[in-house]
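# Structural description and commentary
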Protein chains: 2
Amino acid sequence: MAGERVTSNDVARLAGVSQSAVSRYYSTGNLVSTKAGEKIKQAAEQLGYRPNVLARSLITGRSRMIGLVVAYLENYFYPEVVERLSKALQDQGYHVLVFISSPASVVENVDQITQEILDYQVDGIVLASATMSSELAARCHAHGVPIVLFNRLQDDPRLSTVTSDNHGGGRKLAELLVSLGHERFGYIAGYEGASTQRDREAGFREGLEASGHRLFAREVGNFRYDEAQAAARRMFTGPERPDAVFVCNDHMAFAVMDVLRYELGLRIPDDVSVVGFDDVPPARWPAYSLTTFRQDVDDMVAETLRTLMESVNGAGGVPRRVVLDGFLVQRATTRRAPTSAT
Amino acid sequence: MAGERVTSNDVARLAGVSQSAVSRYYSTGNLVSTKAGEKIKQAAEQLGYRPNVLARSLITGRSRMIGLVVAYLENYFYPEVVERLSKALQDQGYHVLVFISSPASVVENVDQITQEILDYQVDGIVLASATMSSELAARCHAHGVPIVLFNRLQDDPRLSTVTSDNHGGGRKLAELLVSLGHERFGYIAGYEGASTQRDREAGFREGLEASGHRLFAREVGNFRYDEAQAAARRMFTGPERPDAVFVCNDHMAFAVMDVLRYELGLRIPDDVSVVGFDDVPPARWPAYSLTTFRQDVDDMVAETLRTLMESVNGAGGVPRRVVLDGFLVQRATTRRAPTSAT
DNA sequence: CGTTGGACTGCATACGTATGAAAGGCGAAG
DNA sequence: CTTCGCCTTTCATACGTATGCAGTCCAACG
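Residues numbered from 1 in each chain as written. Chains lettered and ligands numbered in written order. Predicted model: local features only at pLDDT ≥ 70, side-chain atom pairs only at ≥ 80, totals over all residues. Heavy atoms only, no water.

### Details of the interface of chain B and chain A
We apply this condition: Any two residues whose heavy atoms approach within 4.5 Å are treated as being in contact. Buried area is calculated as the accessible area (1.4 Å probe) missing from two parts once they are joined, with the contributions of both summed. We count a salt bridge whenever a side-chain nitrogen from Lys or Arg sits within 4 Å of a carboxyl oxygen from Asp or Glu. Under this definition, polar contacts are N or O atom pairs within 3.5 Å; protein pairs additionally need one hydrogen-donor-capable and one acceptor-capable atom, and for neighbouring residues in sequence, both atoms have to be side-chain atoms. Paired strands, in this sense, are two strands between which DSSP finds at least two bridges. Numbered from the N terminus, helices here are DSSP runs of H or I no shorter than four residues, and strands are runs of E no shorter than two.
With 63 residues of chain B at the interface, the matching set in chain A holds 63 residues. When the area that chain B buries against chain A is broken down by residue, the three leading residues are Leu54(B), Tyr120(B) and Trp285(B), summing to 13%. In this assembly, chain B and chain A are joined by 2 salt bridges. Two residues, Arg50(A) and Asp119(B), come together in a salt bridge whose shortest N-O distance is 2.8 Å. Viewed at the interface, chain A and chain B are joined by 18 residue pairs in polar contact (both at pLDDT 80 or more). Relative to strand β2 (residues 95-100) of chain B, strand β2 (residues 95-100) of chain A runs antiparallel, the two sharing 3 bridges. Each residue of the ladder has a partner; that of Val96(A), found in β2(B), is Val98(B).

The following block contains the structure:
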């Protein structure tokens, strides 16, 4: 199929030098005389030569590829992650090999996919919105492939994690709602297996209890738009309904708001306050203008990168567990504070 | 570091067979006796052996990787593309190497990035929302690497393209608005360098002119949310404003709607009708419930896949130019038709 | 029992690059 | 002029797998 591959040998022949000279010219650069370098450059340009990264990896043991496992891009938090992470890695000369793990968080599936990633000899793996079995974690560790869990916590000490302060965020949201004078608090949960879901809920409950309140209603939305709609319907069609609801992430919060406004005719925040978590771009759009807790994607990506690079380059080996601060973003789905805010 | 790599040689030694036997077991499978196969399987499991895809690529000339260049994931059409395409390719044993080309559609940047992709010996390239120089197209062609332009048209005969009927879609939207009795038509353009922008606008104008109408106002939003907001402000703050506006894609349409409703206090569709293009998920959300022209991502991905696989496996070589039908999705941002619809 | 064919198997080499070791060249110091 | 040392270059080999070729083994057939 056409495609005459041009190799370092071809360049060497044309330039009248040895193959190793060409190799050195491209890898270390300085270990070759100016004159020879010039000839090599000329020849390479003439032939359209570029080093074969794969062949190079075979010998260096570095593929300059990072595997990224992501469960679903439906939640607009993750496209941002993919974009920023890819870009940041590109700048470092790395590239992202993407794997989609279909049913969110099925460990078995993630394991299989991770195996496939390992087959590509990636230098590191980022699991976004997914967790893996300890067995596989051990395996990666044995292969010397560092793993970073992005936005998920897991106890395995071999795994690095980068999360924001989900517990604290949940708590701050509770404090906000309490300070606004709310009485009946609803919570719409994400997928129960996710650490983000558990931590946010725990923080929220803790925040409520700190001021003598407690959860009034709870439904599960599994991080999905349609399930969150159904959850909202259930929660708000009883005789008594919450006057404030924390939805475990923004993506589901939009679904809940849509049901409240357009199906049940409730006004936000007059009849009910809604708060989310993440601060994805649509949360800022006037149609929603959602009060939420911001997870800074850039910060999270930066820490992920740092963790990866430390493990890849440095002596590394010791996993890091980074927990980043986020902050409250008050918009229009909660009432203005009666008194000066906390 | 660590990471004792286990190779086919190790497996061969443990299983008491030759390295070639192990290789054959994993590649063709059947060219090895049942007994030997069993021993190899045992040994491989014991050692945790998996074939090195990179080493394999080196000799077969197939990396089973597809390069995907995407400019921005901010428009929620593209995350869907990434997800579906990755998944579909995964099912075929291929994997996606992602590249983000920062400033949308700067050809020079795409060229550089594509070069980097080629260094990884990918079996094919998908350019989503981007175009490349003819020179580079020629180069890829020479290397035998097929290219598919996704959602962009370009004249170069070496390039395959998969698009939906942008021209027809623009025309149908015009016909819809005309049939609803509108008189003053606005158009908010995307990035002028994009074929989708040009084709949609051309189709829209043609549809208007067919019934003796013409464009009343035009602004540019460059496919960005904030620029579309600004465009909407300019368009709707004059003495006379359009009574219908076609926004070149849904992503910008949301921005326009937000400005119309929440800044200018206009009612949709009573004061002004809004139509978009793409049918991304939020278009379906009640907050927007946008009338739009649907591009079916699944169909487009399927055709992309087919085009790639044909070129990779088959004799291939002849580029395909696929134009898929889309269809109108009428929701709540346009009035109900006075009479039976077209 | 000898022969033939088929099914396996192993040997050797190739893929394109990186890199340690050895050889070559050249100028400076003695 | 010799010697030493440094800079450059080449040689040879390795990375992990695939594959043509030749050899081995066994069963079946004449």
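### Some details on the side chain of Asp111(A)
Residues and elements named next belong to chain A. Selection rule: Between buried and exposed lies partly exposed: a residue is buried under 20% and exposed over 50% of the maximum accessible area for its type, with that area taken using a 1.4 Å probe on protein chains only. Charge assignment in this entry is limited to Lys and Arg as positive and Asp and Glu as negative, and neither His nor the chain termini are counted.
With respect to the element layout, Asp 111 can be found in helix α6 (residues 107-119). It turns out Asp 111 is buried and unbridged, and the closest side chain with the opposite charge, Arg 139, is 8.2 Å from it. Apart from residues lying up to four places away in sequence, Asp 111 is in contact with Met 132, Ser 133 and Leu 136.

### A closer look at the protein's contact with DNA strand C
As a reminder, the rule being used: Note on definitions. A residue lies near a molecule or strand when any single heavy atom of the residue is within 4 Å of it.
Within the structure, DNA strand C sits among 27 residues, and Ser8(A), Ser23(A), Arg56(A), Arg24(B) and Ser33(B) are positioned closest to it. Looking at DNA strand C alone, sugar and phosphate atoms form 55% of those within 4 Å of the protein. In this structure, Ser18(B) approaches DNA strand C through a main-chain N or O atom, which is 2.8 Å from a phosphate oxygen. Mapped onto the surface near DNA strand C, the elements with two or more residues apiece are α1 (8-15), α2 (19-27) and α4 (53-60) of chain A together with α2 (19-27) and α4 (53-60) of chain B.

### A few points about the protein's contact with DNA strand D
For clarity, the cut-off: Side-chain classes are defined by residue name, with Ala, Val, Leu, Ile, Met, Phe, Trp, Tyr, Cys and Pro counting as nonpolar, Asp, Glu, Lys and Arg as charged, and the others, Gly among them, as polar.
Within the structure, DNA strand D sits among 27 residues, and Ser18(A), Arg24(A), Ser8(B), Ser23(B) and Arg56(B) are positioned closest to it. A breakdown of the atoms of DNA strand D within 4 Å of the protein gives sugar and phosphate a share of 56%. At a separation of 2.7 Å, a phosphate oxygen of DNA strand D approaches a polar backbone atom of Ser18(A). Ser33(A) is positioned such that a nitrogen or oxygen atom in its side chain is 2.8 Å from a phosphate oxygen of DNA strand D. Put simply, the parts of the chain that give the surface near DNA strand D at least two residues each are α2 and α4 of chain A together with α1 (8-15), α2 and α4 of chain B. Taken together, the residues that form the surface near DNA strand D break down as 11 nonpolar, 11 polar and 5 charged.

### Topic: the sheet that holds strand β11 (residues 321-324) of chain B
Note the threshold: Lines are fitted to the C-alpha atoms to define the axes, a helix being fitted only along its stretch in contact, and any angle between axes, read from their N-to-C directions, falls within 0 to 180 degrees.
If you trace the 12 strands from one edge of the open sheet to the other, you get β11(A)-β5(A)-β4(A)-β3(A)-β1(A)-β2(A)-β2(B)-β1(B)-β3(B)-β4(B)-β5(B)-β11(B), paired in mixed fashion. This sheet does not close on itself; its edge strands, each paired only once, are β11 (321-324) of chain A together with β11 of chain B. Taken over all neighbouring pairs, the strand axes of this sheet differ in orientation by 20° on average, direction set aside. Bridge count for strand β1 (residues 65-70) of chain A against strand β3 (residues 124-128) of chain A is 5 bridges, and the pairing is parallel. From the neighbouring strand, Leu68(A) faces β3(A), where its bridge partner is Val126(A). Across the sheet, helix α5 (residues 77-91) of chain A is in contact with β1, β2, β3 and β4 (147-150) of chain A together with β2 of chain B; its angle to β2(B) comes to roughly 75°.

### Some thoughts on the packing of aromatic side chains
Residues and elements named next belong to chain B. In plain terms, the rule: For this analysis, a ring pair means two rings from Phe, Tyr or Trp (six-membered ring only for Trp) whose centres lie within 6.5 Å, classed as stacked if their planes differ by under 30 degrees, edge-to-face if by over 60, and tilted for the remaining angles.
In total, this model carries 32 aromatic pairs over all chains according to the counting rule given. Note on Phe 254 and Tyr 288: the rings are 4.5 Å apart at their centroids and 40° apart in plane angle, and the pair reads as tilted. Taken as a pair, Phe 254 in helix α11 (residues 250-263) and Tyr 288 in the loop between α12 (281-284) and β10 (292-294) lie far apart in primary sequence, 34 residues in all. As far as the burial class goes, Phe 254 and Tyr 288 line up, both buried.

### Some words on the pairing of strand β8 (residues 244-247) of chain A
Residues and elements named next belong to chain A. Side chains of β8 alternate between two faces, with Ala 244 and Phe 246 and Val 245 and Val 247 buried alike. Sheet analysis places strand β6 (residues 185-189) next to β8, joined by 4 bridges and oriented parallel. Counterpart to Tyr 187 in the pairing with β8 is Phe 246. As paired elements, β8 and strand β9 (residues 273-275) share 3 bridges and run parallel to each other.

### Re the pairing of strand β5 (residues 160-164) of chain B
Residues and elements named next belong to chain B. Of all 5 residues in β5, 5 are buried, a share of seventy percent or more. Burial of the side chains of β5 extends over both faces: Ser 160, Val 162 and Ser 164 are buried on one face and Thr 161 and Thr 163 on the other. Pairing of strand β4 (residues 147-150) with β5, which is carried by 3 bridges, proceeds in the parallel orientation. When the sheet's bridge partners are listed, Val 148 is paired in β5 with Ser 160. As paired elements, β5 and β11 share 4 bridges and run parallel to each other.

### Some remarks on the relation of the copies chain B and chain A
One copy of the chain maps onto the second through a rotation around an axis plus a translation along that axis. We count it as follows: Superposition of the copies was done by least squares, using only C-alpha atoms of residues whose pLDDT is at least 70 in both.
Superposing chain B onto chain A requires a rotation of 180° together with a translation of 0.0 Å along the rotation axis, leaving an RMSD of 0.0 Å. Such a combination of turn and shift is consistent with a two-fold rotation axis. Judged by C-alpha distance, Leu97(B) is the residue of chain B that lies nearest the rotation axis, at 2.2 Å. A shared binding surface is used by both copies, with 97% of the interface residues of chain B retained as interface residues in chain A.

### Regarding the side chain of Ser129(A)
For Ser129(A), the location among the structural elements is in the loop between β3 and α7 (134-143). By relative accessible area, Ser129(A) is classed as buried at 1%.

### Some words on α4(A)
Note that an α-helix has 3.6 residues per turn; residues three or four places apart therefore point the same way. Stated precisely, the cut-off is as follows: Our arc is simply the arc of the directions from the helix axis toward the C-beta atoms.
What α4(A) keeps buried is the set Val53(A), Leu54(A) and Ser57(A). Axial view of α4(A): buried residues confined to an arc of 95°, hence all on one face. Packed against the buried residues of α4(A) are α4, β1 (65-70) and α6 (107-119) of chain B. Just beyond α4(A), the residue with positive phi is Gly61(A), at close to 80°.

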